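# Architecture at a glance
Below, each chain spelled out in residue letters.
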Amino acid sequence: MFENLSDKLQRVFKNLRGEGKLSAENMEAALREIRVALLEADVHFKVVKQFIDSVKEKAMGQEVLSALSPTQQVVKIVRDEMVKMLGTHQAKLRFANEPPSTLMIVGLQGSGKTTSTSKLAKFLSKNGHKPLMCSVDVYRPAARKQLAVLARELKLPLYEGSDADKPAELARGAKREASQIGADIILLDTAGRLHIDDDLMVELEELKGILNPTEVLFVADAMTGQDAVKSADEFHKRLGITGVILTKMDGDARGGAALSIRSVTGQPLKFVGVGEKSDALEPFHPDRVANRILGMGDVLSLIEKVEESIDRKSAEEMQRKLLDDEFTLEDFRDQIKQLRKLGPLESLLGMMPQLGPMKDLKNVKVDEREFTNIVAIIDSMTAQERRNHMIINGARRRRIARGSGTTVQEVNNLLKQYTQARKMMKSFTGANAGMLGKRLGKLKLPGFPGFGG
Amino acid sequence: MFKTLFGSETPEPSLLDRLKSGIQKTRTGLVEKLEDVFQGRKEIDADVLDELEYALLSADIGVKTTQEILERARQRVDRHMLGDASELKQLIREHVVEVLQATERPLPQVSQPPAVVMVVGVNGAGKTTTIGKLAQRFRNEGRSVLLCAADTFRAAAIEQLEVWGERTQTDVIRQQAGSDPSAVLFDALQAAKARKVDYVIVDTAGRLHTKTNLMAELEKMDRTTKRVIPDAPHEVLLVLDATTGQNGLEQARKFTETAGVTGIVLTKLDGTAKGGVVVAISRELNLPIRYVGVGEKADDLLPFEPESYVASLFD
Ligand SMILES: Nc1nc2c(ncn2[C@@H]2O[C@H](COP(=O)(O)OP(=O)(O)OP(=O)(O)O)[C@@H](O)[C@H]2O)c(=O)[nH]1
Ligand SMILES: [Mg+2]
């Protein structure tokens, strides 16, 4: 769908080699790519401008670190800057000194307030709190019913009030009820409204006056475009929001609205909604959302997939083999088979730290068909050949080529790749510099065979 | 004999009037930006083009489409075909209108009622509300309508549709919460045939286009529909929230692939968002925009008119 930002930057920096510094000239094209990537991710254009300026400032005159390619260095600056803007640490919910604490949930129509309210209730009750939910959405048909159904499913308390109650009466009723049942948190679900609907914004101000909430949480849809700035700004001006919940992040929206909202309100993102079920609420991780906005979400999920699909024991065994130089062609084949289950690799390769034996990976094209050939070639070897590639001489190579329906050239290539992969993987298992190095190191990634340059 | 069920006979209030009336808008949209651009500046220079770019971007038109529009403009400026900024404005406006007009097509014809209208979209886009508004509209045209509560998943979704049924005096076919959407649909279509109603409008659960199992459910519903009425559904409307950014294109693509979308309803245009991603959707997927939602009441749905829409962006 979207081209990964680091791929784009890679193209930009293709010709950079040899220049020691990031300069105005070579950065210009890079910054253009970053700008486009951010706009495609729905970051507000003014925020993009600010962001680009600060990246420019950071990057100018920096020495190109020997451990990183210029691409990676710029990606690193961009990521760091974005994480910084999104909020480096994870913001927690605040509670009142004297219970009950009130959390007011506000936002535009259809952003996901009711679902988020029930998710928060579940989250809080799991953490030892006793929340009381109340919906003051007297406008949307069956809105209060919706929260009532969710509360019943969760077996958590709800203040229902009566049908004729106005929002203010409901809010006061919830307050009374909370002290009666000893709830320490009131979760107030409000009706969705447009930020330019003055009557309804006044209603929120009144509710805020009645409840004196500890948190006013603005719920925003991750798919929101440029308008996010206007609505968030207006809600913030009228109510003083204290945090943001970004919903529907289980889709494929890049979520640039997060950056826009954060930069226009200055308020922290606190939670991310990742599904329709009641436990699909996660604390906000700035680094993850940064990756996502930059179009690197795929890489992250690929890493997660690797983590899921590789069982720890065989990974450890593999590592031992590598260290002891026992990594055979058979292991190589198994690794390929395992990797093929993971999908396209190019995006991941682009993110690798480009140093040592891996620097050749930079412009590698992964031809998925080649994997099939590699497996065929190894299958045509004898068990002895697979265990010791040194014995594969010219005659054996010809035989293997015939047996696998490939050419001697291809068999040669494979053997070269195998020895390269061995070298490369060894460097993975050691401590590794670079952005993803640490993460990959932790994962004991089994290696990446099979790329034709 | 073919009947056009989707036509409307009553004169419509103009979209532009409605967009201008309603809630007093803060003028921070494209309009203001364009005025900035054109104020006191006649010559077209790089700054004008820059600001114009920002103006288009802020309506969620998207980088790619914006760049293409600007490229056209730039060529004309180079060839000295454009004298001043106001001509540039006119050019851009005409271009966007052309894009939107290119996808216009007549409403589907229905050989024999009922006409089946499926309404799909991501969570919270405004599907159920749009269905209430559509029911109102068809009823005003003197047609009989049946609603199908096939969102059996979201809490109180059925009750929400029932309220709209009451408001528009339309029957709702429903089953218990949690039942199979296709089963409700089957019931509704049978009932519609037996009662000889003109329209069945089907509410579906909101779903993100990336969830393959939920998208497969829509395919199943399509098969169920065709089993009862072979040439149905006659219209599949994708409801798109005007605040949606560039993800709207992917939504439209995926829903078209699996649910065979035939038209777009752009909701929440009464806010400050413009829903400019529909320009890209029109261009790339050739889908007409059928209606726009301009509020939460039953008559807050209007037929889409490219010229009025573009005018609301530019004037
Ligand atoms: N201002 C405004 N609000 C709208 C419009 N259309 C729908 N809404 C509101 O948007 C919210 C969501 O609308 P629904 O019709 O429930 O959306 P849905 O797509 O059916 O939602 P799910 O079934 O939960 O996926 C409600 O509060 C509606 O009143 C519109 O055109 N303008
Ligand atoms: Mg609905």
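Described below are features of the structure shown in this document.

Rules behind the numbers
- In every chain, residue numbers begin from 1 and rise along the written sequence.
- Just so you know, chain letters begin at A and ligand numbers begin at 1, following the order they were written in.
- Residues qualify for local features only when their pLDDT is at least 70, as the model is predicted, and side-chain atom pairs are given and counted only at 80 or more; totals for whole chains, interfaces and linings, by contrast, use all residues.
- Labels follow the DSSP assignment, with helices taken as runs of H or I lasting at least four residues and strands as runs of E lasting at least two, numbered in each case from the N terminus.
- Whether a residue is buried, exposed or partly exposed follows from its count of other C-beta atoms within 10 Å of its own C-beta, namely 20 or more, 12 or fewer, or something in between, respectively; the C-beta atoms are built from the backbone.
- C-beta atoms are first placed from the backbone for all residues, and any pair lying within 7 Å is then listed as a contact.
- At least two bridges found by DSSP between two strands are what make those strands a pair.
- What counts as an axis is a line fitted to C-alpha atoms, over the stretch in contact for a helix, and the angles between N-to-C directions run from 0 to 180 degrees.
- When describing relative orientation, an angle under 35 degrees is termed roughly parallel and one over 145 degrees roughly antiparallel, while 65 to 115 degrees is termed roughly perpendicular and anything else oblique.
- A clockwise turn of the near helix away from the far one marks a right-handed crossing, whereas an anticlockwise turn of less than a right angle marks a left-handed crossing.
- The nonpolar class holds Ala, Val, Leu, Ile, Met, Phe, Trp, Tyr, Cys and Pro. Asp, Glu, Lys and Arg form the charged class, and all remaining residues, Gly among them, are polar.
- Here the expected span of a helix is defined as 1.5 Å times the quantity of residues minus one.

Attention shifts here to the overall build of chain A. When helices and strands are tallied, chain A shows 20 helices and seven strands. Taken across its 453 residues, chain A has 48% of its residues classed as buried. For chain A, restricting intrachain contacts to residue pairs at least 6 apart in sequence, the fraction spanning at least 24 positions comes to 77%.

Residues and elements named next belong to chain B. One open sheet holds the eight strands; their spatial order is E3-E2-E4-E1-E5-E6-E7-E8, and the pairing between them is mixed. Since the sheet does not close on itself, it has two edges, and those belong to strand E3 (171-173) and strand E8 (301-303), each with one partner. Between one strand and the next, the sheet's axes are offset by a mean angle of 25°, whatever the strand orientation. Strands strand E1 (115-120), strand E2 (145-150), strand E4 (199-204), strand E5 (235-241), strand E6 (263-267), strand E7 (289-293) and E8 of the sheet are contacted by helix H6 (residues 127-140), whose axis makes an angle of about 170° with E4. In the packing of helix H8 (residues 181-195) onto the sheet, the strands contacted are E2, E3 and E4, and the crossing angle to E2 comes to about 170°.

As a further point, take the interface of chain A and chain B. The partner chain B presents 34 residues to the 32 residues of chain A that form the contact. At the level of elements, helix H2 (24-40) and helix H6 (143-154) of chain A are the ones that each hand at least two residues to the side of chain A that touches chain B. In terms of residue count, the dominant contributor to the side of chain A that touches chain B is H6(A) (four residues).

Between Pro99(A) and the following residue, Pro100(A), the backbone shows a cis peptide bond with an omega angle of 0°. Note on placement: Pro100(A) falls in the loop between helix H4 (70-86) and strand E1 (101-107). In this chain, Ala232(B) is followed by Pro233(B) through a cis amide linkage whose omega measures -10°. In this model, Lys248(A) sits at a positive phi of 60°, which is unusual for a non-glycine residue. For Lys248(A), the position within the fold is in the loop between strand E5 (243-247) and helix H10 (257-265). Its 26 C-beta neighbours within 10 Å are what place Lys248(A) among the buried residues. The backbone phi angle of Asp60(B) is positive, close to 65°, even though this residue is not glycine.

Residue and element names in this part refer to chain B. Where H6 meets helix H7 (residues 157-167), the closest approach of the two axes is 9 Å, and the angle between their N-to-C directions is 20°. Relative to H7, the element H6 is oriented roughly parallel. As H6 packs across H7, the resulting crossing turns out to be right-handed. Listed contacts from H7 to Thr128, Ile131, Gly132 and Ala135 of H6 are Ala157, Gln160, Leu161, Trp164 and Arg167. Across the contact of H6 with H7, the residue classes tally to five nonpolar, three polar and one charged.

So, about helix H5 (residues 113-126) of chain A. Residue and element names in this part refer to chain A. Look at H5: 20 Å from first C-alpha to last across 14 residues, which is about the 20 Å you get at 1.5 Å a residue. With 11 of 14 residues buried, H5 lies mostly within the body of the structure. Among all positions in H5, only Lys113, Thr114, Thr115, Ser116, Thr117, Ser118, Lys119, Leu120, Ala121, Lys122 and Leu124 are buried. At the exit of H5 stands Gly128, carrying a positive phi of roughly 85°.

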